[in-house]
Amino acid sequence: DSKAAAAAPATQNSFQRTAVNANPNAAPAPAASQSAAAEAVPSNSPFANQSASDLSQRASDGLLINGTVNNGASSPFAQAARFGNNVRGPGSLYNGSIGVIEDNSVLDANSFSYTGQPTPKPGYNHFTGVASFGGPIRIPHLIRNGPFFFVGYQWIRSSNSVGNATNSYTVPTAAQRNGDFSLFAPIYNPGTGAPFPGNIIPPSLISPQAKALLNFYPLPNLTGASRYNFQIPIITETHTESLNTRLQKNIGNRNALNGFFAFQRTATDTPNEFAFVDKGSTLGLVAQANWQHRFNQRMFVHFQYQFSRNSTTTTPNFANRENVSGEAGILGNNQQAVNWGPPNLNFASGIASLTDGNAAANHNQTHAFAFDSTWIRGRHNISYLADFKRLEFNSISQQNPRGAFTFTGAYTAPPATGSAAPALGSDF
């Protein structure tokens with residue numbers, strides 16, 4: 001019994017504690033030390049037949065593996081985990097998050113070509129950033145138990161091609177700009193009814209208004225296409241910001257206050273094939289405040305105020321910058337600076353229409369007051385409420401302030417029968 005009692009402490013764990021300090025790179029221990037280590041292994045251990053050097057190597061390997069996985073758990077100097085959800089201790093009063101999303105068209109394939117010509121790849125880029133933070137408001141020596149708050153913010157920057165494609169158009173050629181229509185069907189002088197010699201319109205018959213507006217058309221950048229001679233990817237830019245905030249506070253056991261404020265602002269740059277860039281802006285905001293009071297266990301009242309506003313504005317490319325119609329000698333349309341720009345030109349022949357957006361401003365807002373109450377009496381719940389709203393709608397715009405011209409080619413057709421391709425210059 002005395003021998004058994006003496007051998008009991010010499011277990012595998014006690015041997016590992018003895019051998020764990022062994023250094024495999026150190027010089028071999030003296031024979032006396034090796035025999036002492038061997039004698040520390042009980043005769044019924046599975047390691048009884050292994051040499052002292054093998055046992056030392058096992059101990060070193062065990063320290064390396066267990067210590068790496070368990071953060072030093074194989075030693076008395078283990079440390080608590082300090083990352084992620086493994087952190088021990090009470091949770092924080094404040095919570096927050098942040099995130100970023102990014103994608104673009106670097107790895108996208110080229111767009112399908114409707115003309116059969118090589119088309120540039122329209123690019124796009126999207127970036128979204130989000131962040132949130134919330135918790136109690138506490139200021140030492142000033143606010144001890146303030147209201148709980150939450151703030152969320154989102155920021156977006158985006159550039160997209162219209163339709164995710166390269167757009168194709170037909171524009172006047174350099175020869176057509178000078179009145180040369182020799183490659184087209186015969187056109188006729190609307191004053192005499194006779195065809196133009198060589199199918200060329202004399203420069204003196206091309207109106208100064210047509211010459212002025214022709215300057216806004218780009219030159220062709222495609223050759224060999226059967227229908228279109230100009231292509232361009234149209235990239236729109238969109239910037240969006242949104243904010244969401246909330247506050248909540250209980251005052252005693254009878255009063256509860258809460259409210260929120262949120263807004264979103266979006267700004268857009270929208271170009272067209274003529275490189276006219278129209279700017280748009282949208283601003284929406286809403287604010288609400290609530291107060292709930294409990295008189296007793298059977299009667300509650302609630303008051304609410306809400307304000308909301310939505311504003312949209314559109315600013316055309318030439319607004320307040322250049323009076324295109326006035327400088328070209330086109331009169332009779334609106335000459336206010338906010339409506340400056342070219343008139344709309346439409347062609348039956350398929351030539352791209354010259355157009356630009358119209359100025360517009362809309363500002364709508366609402367003030368709303370509401371009251372409701374609940375009274376519990378016996379088996380009955382009695383509820384009553386009242387509200388008041390003031391709505392405002394403010395809109396400033398004109399449907400067609402610069403006017404429009406439509407050209408069908410009828411005046412360049414033969415006097416009696418037949419039709420010809422319309423000429424941009426001759427129709428003015």
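The model shown is predicted, which means the values in this text are computed figures rather than measured ones. (Residues numbered from 1 in each chain as written. Predicted model: local features only at pLDDT ≥ 70, side-chain atom pairs only at ≥ 80, totals over all residues. Heavy atoms only, no water.)

Explanation requested: the overall build of the chain in the structure shown.
A tally of helices and strands in the chain yields 7 helices and 11 strands. For the chain, buried positions account for 29% of its 428 residues. A fraction of 63% describes how many contacts in the chain between residues 6 or more apart in sequence connect residues 24 or more apart. Put simply, the chain shows about 26,900 Å² of open surface, and 57% of that area lies on carbon and sulfur atoms. (Helix = DSSP H or I, 4+ residues; strand = E, 2+ residues; numbered from the N terminus. Buried < 20%, exposed > 50% of the residue type's maximum accessible area, 1.4 Å probe, protein only. Contact = heavy atoms within 4.5 Å. Areas by Shrake-Rupley, 256 points an atom, 1.4 Å probe, with all protein chains shown as cover.)

Is there a simple way to explain a nonpolar patch on the surface in this structure?
Taken together, the side chains of Ile251, Leu257, Trp291 and Phe303 present a nonpolar region at the surface, about 340 Å² in accessible area. By secondary structure assignment, the location of phenylalanine 303 is in strand β7 (residues 299-315). We classify phenylalanine 303 as partly exposed; its relative accessible area is 36%. (Patch = residues over 30% accessible without salt bridge, like charges linked within 9 Å, V, L, I, M, F, W, Y side chains within 5 Å. Salt bridge = Lys/Arg side-chain N within 4 Å of Asp/Glu carboxyl O.)

So what exactly am I meant to see when it comes to the pattern of salt bridges here?
Where side chains of opposite charge bring their charged atoms close, a pairing between them can arise. Applying the stated criterion across every chain yields a total of 3 salt bridges. Across the pair lysine 279 and aspartate 269 runs a salt bridge, and its minimum N-O distance is 3.2 Å. Of this pair, lysine 279 sits in strand β6 (residues 277-296) while aspartate 269 sits in strand β5 (residues 255-271), and the two are 10 residues apart along the sequence. The partly exposed category is assigned to aspartate 269, whose relative accessible area is 26%.

Just to check I follow, could you spell out the nonpolar core for this structure?
Taken as a class, soluble globular proteins show a tendency for nonpolar side chains to be buried jointly. Counting residues in hydrophobic clusters, the biggest one holds 18 residues, and the most contacted among them are Leu213, Tyr217, Phe274, Leu345, Phe347 and Leu354. Of all hydrophobic cores here, the second largest spans 6 residues; its members include Phe181, Phe196, Ile206 and Ala210. (Core = buried A, V, L, I, M, F, W, Y, C linked by side-chain atoms within 4.5 Å.)

Teacher, can you tell me more about the packing of aromatic side chains here?
How two aromatic rings sit relative to each other is given by the distance of their centres and the angle of their planes. A complete count under the given rule lists 17 aromatic pairs for this structure. On the numbers, 5.6 Å between centres and 85 degrees between planes, the contact of phenylalanine 216 with phenylalanine 318 is edge-to-face. Of this pair, phenylalanine 216 sits in the loop between α6 (208-214) and β4 (230-251) while phenylalanine 318 sits in the loop between β7 and α7 (324-328), and the two are 102 residues apart along the sequence. Between phenylalanine 274 and phenylalanine 276 the ring centres are 5.6 Å apart and the planes differ by 25 degrees, which places this aromatic pair in the stacked class. Judged by its relative accessible area of 4%, phenylalanine 276 falls in the buried class. Here a set of aromatic residues connected by ring pairs shows up, and it is made of Phe216, Tyr217, Phe274, Phe276 and Phe318. Residue placement shows arginine 246 over the ring face of phenylalanine 260; its charged tip is 5.2 Å from the ring centre. (Phe/Tyr/Trp six-rings, centres within 6.5 Å; stacked < 30°, edge-to-face > 60°. Lys NZ or Arg CZ within 6 Å of the ring centre and 35° of its normal.)

Mind showing me how you'd approach the pairing of β6 here?
Two faces, one strand: in a regular strand the side chains alternate between the faces of the sheet. Pairing between β5 and β6: 17 bridges, direction antiparallel. In the strand pairing of β6, phenylalanine 263 is matched with leucine 285. Hairpin remark: β5 followed by β6, antiparallel, with 5 residues in the connecting loop; positive phi at alanine 275, about 70 degrees. Pairing analysis gives 17 bridges linking β6 to β7, with the strands arranged antiparallel. Paired with threonine 282 across the two strands is threonine 312, which belongs to β7. Hairpin remark: β6 followed by β7, antiparallel, with 2 residues in the connecting loop. (Pairing = 2+ DSSP bridges.)

So what exactly am I meant to see when it comes to unusual backbone geometry here?
Negative phi values dominate among residues other than glycine, just as trans dominates among peptide bonds. One non-glycine residue, histidine 141, lies in positive phi territory at about 65 degrees. Mapping histidine 141 onto the fold places it in the loop between β2 (125-136) and β3 (148-169). We note that asparagine 199 has phi near 60 degrees; this positive angle belongs to a residue other than glycine. You can see asparagine 199 is positioned in the loop between α5 (174-177) and α6. On the basis of relative accessibility, which here comes to 8%, the residue asparagine 199 falls in the buried class.

What's the story with the environment of phenylalanine 261 in this structure? I'm lost.
Following the sequence through the fold, phenylalanine 261 ends up in strand β5. Separated by 47 residues in sequence, phenylalanine 261 and serine 308 have C-alpha atoms that sit 9.8 Å apart. Excluding residues that lie within four positions of it along the chain, phenylalanine 261 makes contacts with Leu243, Asn244, Thr245, Leu285, Val286 and Ala287.

Which parts of the structure should I look at to understand the confidence of the model for the chain?
Detail in the predicted coordinates should be disregarded across regions flagged by low pLDDT. In this model, the chain carries a mean pLDDT of 79, and residues with pLDDT of at least 70 account for 70%. Looking across the chain, the model is least confident in helix α2 (residues 12-19), with a mean pLDDT of 40, and most confident in β7, with 96. Low pLDDT, under 50, characterises residues 1-39; the stretch is placed with 17 contacts to residues that sit more than four places away or in other chains. Overall, residues 417-428 carries pLDDT values under 50, and its contacts beyond four positions in sequence, including any with other chains, amount to 38 contacts. (pLDDT = per-residue confidence, 0-100.)

Even after reading the chapter, I still don't get the environment of tryptophan 155, so can you show me in this structure?
Of note, tryptophan 155 is situated in strand β3. Sequence separation between tryptophan 155 and valine 130 is 25 residues, and the spatial gap between their C-alpha atoms is 6.4 Å.

I keep staring at the pairing of strand β1 (residues 95-104) and nothing clicks. Help me out?
Of all 10 residues making up β1, only 0 are buried, and the element is barely covered by its neighbours. Bridge count between β1 and β2: 10 bridges; the pairing is antiparallel. Along β2, the bridge assignment pairs aspartate 103 with histidine 126.

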